[in-house]
Amino acid sequence: MNNEAAPLNFIEHIIEEDLTKGYKKDQLCFRFPPEPNGYLHIGHASSICLNFGLGERYNAPVNLRFDDTNPAKEEQEFVDAIKRDISWLGYEWATECYASDYFQQLYDWAVQLIKNGKAYVDSQTSEAIAEQKGTPNTPGKPSPFRNRSVEENLDLLEKMKNGETKEGEHVLRAKVNMESPNMLMRDPVMYRTINKNHHRTGTDWKIFPMYDWTHGESDYIEQVSHSFCTLEFLPHRELYDWFLDQVYDSEKLRPKQREFARRNLSHTVVSKRKLAQLVSAGVVNGWDDPRMPTISGLRRRGYTPDSIKNFADSIGVGKRENLIDVSHLEFNVREDLNKIAPRIMVVLDPVKLIIDNYPEGKTEMLEAENNQEDESAGYREVPFTKELLIERDDFLEEANRKFFRLTIGKEVRLKNAYIIKGESVVKDADGNITEIHCSYDPDSKSGSGSEASLRKVKGTLHWVSAEHALPVEVRLYDRLFTEASPDTNKEKDFMEFINPDSLQVITGYAEPSVKDSKIEDKFQFQRLGYFVVDKDSTSQKLIFNRTVPLRDSWSKLAE
RNA sequence: UGGCCCAUGGUGUAACUGGCAACACGUCUGUUUUUGGUACAGAAGAGUCUAGGUUCGAGCCCUAGUGGGCCAACCA
């Protein structure tokens, strides 16, 4: 009925196995837990698709939980952006949660830990604590404060909480094992004092819980069954379980953490910290710059939610290091846009084409199909006149037989219009072509059904009437980095690999039908690529971002 | 000098409890086409890091080696 034999990924195998070992299907619960300290990127999109995809597959709730335990880095702006991005992708979270909602519960549990002799206040400097922690190769040493009395610990924690102590003066540490081979188990810090305004709790709390103390307990509070995170948290699992042991009530569901490899995309960086660096250094114009691999950047670039979700599904999840080529992402946008984007004609690098035997002053309105992949897309009209604009590289005075475009003496089709034959060129003093003259076959009108119109010619060009052309700004984007993996070079910083030509702004000449386009409208500029109307557009000037060029087997031949 | 994780065509993933390695992207050929796009048909490309072991039989299990990654923030 439901099992389509679609291969399961290892995460799904884990769930299926748990289902056969006692977990009930209605106990399944997942979560996506971003820290609101930056915008979501394509890597998060994979995680979102994984977690929300599981929610859909198992009909289980998926919570959106903001891991907001560090007021020094987090802001409401990011909370809003994250919610916007997830919604745009088309997912609905079951409950909007905040780790900060659990501060009191966490505090109460911390008190309990102290009473059980499982936590203590350390009053050393962070340097001293780091020193005693040892290294991966050498065991740590116990803090001199490790055996403070329960009363003193309770009293100090209370003072920390009330803001009666200074930042950095004391921390609360779990009493685990200073000799553990796992550094995270060497009495990890649970609370530190931060005198900053928190975006939700304001100044109510002076102490803030650390990630490890917060995450698993939050999962437990929400009764999340499976807590999926990236591989770098694998060593945290032991601590996750240890903390859970301290508060776990066997009547309740016990969450489990499992890890998958983060997805790396070629020619970009997938790290909030590095993306923030690109923003603050002014390399890009904000988190939603169309060159950014952020969800909002991809959106502005013209990607669709489906294209991103299909991408995430198709690359799957694994546990090994990976570098996914951007061509994979690009395939997914093209596939989606091909089905839905109306086609229009826009000339990006114009040269004038004059039809010598076409009547002066005449304007014909020709019918053009909006999308041959979608009959319901209908038709539009485009004006045709004696003077047109075509792409410079669609003409060559003389060319070999592999060149399917306009040359002197050869015929080509003008898309949706007539068959023309190259006659002559006019050049300026420097030898640049300023005008191409041609003749047209009046009987060859597209769609007329005449014998002449059915004639096969070697190529078809897009064009626009010079008189009617609408000048538009076109932003041609290219990959942000010249290296496939800019941030894994041992010698050089990733900032050294920034592609200086990642953005080229030009003026294009569009057919007049686009005039009333709205922001985020997507088009295929025929024979060129997919473009989207940018939010910087005004009623005076349309601005298009190039999402991705069409696949181009000619450029390889031409090389 | 430690602990843990990982290792399948160029890239990313599959291969249920061991039974002659599959899918997608990319690449290359053709066909169709008023987009050198799309669609369709087809091809090449790995014998599963290495060496042992268990087994009638191993990509799947075991051991060792090699290679890569992670771990010493009062970040998440």
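Every chain is numbered on its own, with residues counted from 1 as its sequence reads. Chains and ligands are labelled by the order in which they are written, letters from A for the one and numbers from 1 for the other. Owing to the predicted nature of the model, reporting of local features is limited to residues with pLDDT of at least 70; listing and counting of side-chain atom pairs is limited to 80 or more, with chain, interface and lining totals taken over all residues. The side-chain quantities take in all heavy atoms of the structure and omit both hydrogens and water.

Peer 1: I'd like a rundown of the domain arrangement of chain A, residues and numbers included.
Peer 2: Either an automatic procedure or a domain database provided the assignment from which the domain bounds are taken. Each assigned domain of chain A is listed with its residue range as follows: domain 1 (103–210), domain 2 (347–461) and domain 3 (471–549). In this structure, domain 1 and domain 2 have C-alpha centres spaced 75 Å apart.

Peer 1: Give me the lowdown on the UniProt feature "domain: Glutamyl/glutaminyl-tRNA synthetase class Ib catalytic" (unreviewed entry) in chain A, citing residues and values where you can.
Peer 2: UniProt positions are given in the numbering used here, feature names are shortened, and annotations may be inferred rather than shown by experiment. Under the present numbering, the feature "domain: Glutamyl/glutaminyl-tRNA synthetase class Ib catalytic" (unreviewed entry) in UniProt falls on residues 30–338. Here a helix means four or more residues in a row that DSSP labels H or I, a strand means two or more in a row labelled E, and each is numbered from the N terminus. A helix fraction of 41% and a strand fraction of 12% characterise residues 30–338, whose end C-alpha atoms lie 34 Å from each other.

Peer 1: Tell me what's going on with helix α1 (residues 10–20), and back it up with residues and numbers.
Peer 2: Every α-helix winds through 3.6 residues per turn, so residues three or four apart in the chain are directed the same way. Accessible area is worked out with a 1.4 Å probe on protein chains only. A residue is then buried under 20% of its type maximum, exposed over 50%, and partly exposed in between. Of all the positions in α1, only Ile11, Glu12, Ile14, Ile15 and Asp18 are classed as buried. Relative to the axis of α1, the buried residues are bounded by an arc of 155 degrees and lie together on one face. Contacts are assigned to residue pairs that have any heavy atoms within 4.5 Å of one another. The inward-facing, buried residues of α1 abut β1 (30–32), α2 (42–58), β8 (226–230) and β9 (256–260). Two or three places before Ile11, at the opening of α1, Asn9 has a side-chain oxygen 3.0 Å from that residue's backbone nitrogen. In the stretch just after α1, Gly22 is the one whose phi turns positive, near 115 degrees. In this description, one arc is meant: the one made by directions from the helix axis to the C-beta atoms. Polar contacts, as used here, are pairs of N or O atoms within 3.5 Å; protein pairs need one atom able to donate a hydrogen and one able to accept it. Residues neighboring in sequence count only if both atoms are side-chain atoms.

Peer 1: Describe the confidence of the model for chain A, and please don't skip the residues or the numbers.
Peer 2: When pLDDT drops low, the exact placement of atoms in the prediction is not to be read closely. Confidence of the prediction at every residue is given by pLDDT, a number between 0 and 100. The pLDDT averaged across chain A works out to 96; a share of 99% of its residues lies at or above 70. Our summary of model confidence lists the complex with pTM equal to 0.96 and ipTM equal to 0.96.

Peer 1: Tell me about the sheet that holds strand β7 (residues 207–209), and name the residues and values.
Peer 2: Spatial strand order, β4-β5-β6-β7: 4 strands in an open sheet with antiparallel pairing. Pairing within the sheet leaves two strands with one partner each, and these edge strands are β4 (119–122) and β7. Here the strands of the sheet are splayed against their neighbours by 20 degrees on average, with no regard to which way each runs. When strand β5 (residues 171–174) meets strand β6 (residues 189–193), the two strands line up antiparallel, connected through 2 bridges. Within β6, the residue paired with Arg173 across the bridge is Val189. Angles run from 0 to 180 degrees between N-to-C directions of axes, and those axes are lines fitted to C-alpha atoms, restricted for helices to the stretch in contact. Each of β4, β5, β6 and β7 is contacted by helix α4 (residues 103–115), which is oriented at about 120 degrees to β6, the strand it contacts most. Its contacts with the sheet put helix α6 (residues 150–161) on β4, β5, β6 and β7, and the angle it makes with β4 is roughly 60 degrees. By this definition, two strands are paired if DSSP reports at least two bridges between them.

Peer 1: Tell me about the UniProt feature "domain: tRNA synthetases class I (E and Q) anti-codon binding" (unreviewed entry) in chain A, and please be specific about residues and values.
Peer 2: UniProt records the feature "domain: tRNA synthetases class I (E and Q) anti-codon binding" (unreviewed entry) for residues 460–534 in the present numbering. With 0% helix and 39% strand, residues 460–534 has end C-alpha atoms that lie 29 Å from one another.

Peer 1: Would you mind going over the packing of aromatic side chains in detail, with residue names and values included?
Peer 2: Aromatic pairs are defined between Phe, Tyr and Trp rings, using the six-membered ring for Trp, whenever the two ring centres lie within 6.5 Å; interplanar angles under 30 degrees are classed as stacked, those over 60 as edge-to-face, and all others as tilted. Applying the stated criterion across every chain yields a total of 24 aromatic pairs. Grouping aromatic residues by their ring pairs yields a cluster made of Tyr358, Phe384, Tyr418, Tyr440 and Trp463. We note Arg200 situated over the ring of Tyr98; from NZ or CZ to the ring centre the distance is 3.5 Å. Both a distance and an angle decide whether a charge sits over a ring: NZ of Lys or CZ of Arg must be within 6 Å of the ring centre and within 35 degrees of the ring normal. If you follow Lys309 out to its NZ or CZ, it ends over the ring of Tyr91, 4.7 Å from the centre.

Peer 1: I'd love a proper account of the protein's contact with RNA strand B, names of residues and values included.
Peer 2: Inspection of the region around RNA strand B gives 70 residues, with Thr69, Arg320, Arg343, Lys415 and Ser446 positioned closest. Nearness is defined per residue: one heavy atom within 4 Å of the molecule or strand is enough. Among atoms of RNA strand B positioned within 4 Å of the protein, sugar and phosphate together represent 60%. A distance of 3.3 Å is found between a sugar or linking oxygen of RNA strand B and a side-chain nitrogen or oxygen belonging to Asp67. Those elements that provide at least two residues to the surface near RNA strand B are α1, β6, α12 (326–340) and α13 (553–558). Its residues assigned to classes, the surface near RNA strand B shows 23 nonpolar, 24 polar and 23 charged. Asp, Glu, Lys and Arg are counted as charged, while Ala, Val, Leu, Ile, Met, Phe, Trp, Tyr, Cys and Pro are counted as nonpolar; the rest, among them Gly, fall into the polar class.

Peer 1: Before we move on, can you summarise the layout of surface pockets with the specific residues and values?
Peer 2: Each cavity reported here is a set of points on a 1 Å grid over the protein atoms alone in which a 1.4 Å probe fits but cannot get out, each pocket an open set with protein on both sides within 12 Å along at least five of seven lines, and each lining residue one with an atom within 4 Å of a point. Grid points are joined across faces, edges and corners, and a volume is the space filled by probe spheres set on the points. Taken as a whole, the largest pocket spans an internal volume of roughly 1,100 Å³. If you trace the largest pocket, you find 36 residues lining it, with Glu35, His44, Glu232, Phe233 and Lys272 closest to the centre. For the lining of the largest pocket, the elements supplying multiple residues, two or more each, are β1, α2, α7 (211–222), β8 and α9 (272–280). In this structure, the second largest pocket occupies an estimated 960 Å³ of space. For the second largest pocket, the lining is made up of 31 residues, of which Arg405, Arg527, Leu528, Asp552 and Trp554 are closest to its centre. Mapped onto the lining of the second largest pocket, the elements with two or more residues apiece are β19 (460–461), β22 (503–510), β25 (543–549) and α13. The dominant element in the lining of the second largest pocket, judged by the number of residues it contributes, is α13, at 4 residues. When the residues that make up the lining of the second largest pocket are grouped by side-chain class, the tally is 12 nonpolar, 7 polar and 12 charged. Summarising the domain contributions, the lining of the second largest pocket has at least three residues from each of domain 2 (347–461) and domain 3 (471–549).

Peer 1: Go over the pairing of strand β13 (residues 364–369) with me, naming the residues and quoting the values.
Peer 2: Alternating residues of β13 divide into Glu364, Leu366 and Ala368, all buried, and Met365, Glu367 and Glu369, none buried. In this sheet, strand β14 (residues 379–384) lies alongside β13 in antiparallel orientation, the contact comprising 6 bridges. Looking across to β14, one finds that Met365 is bridged to Pro383.

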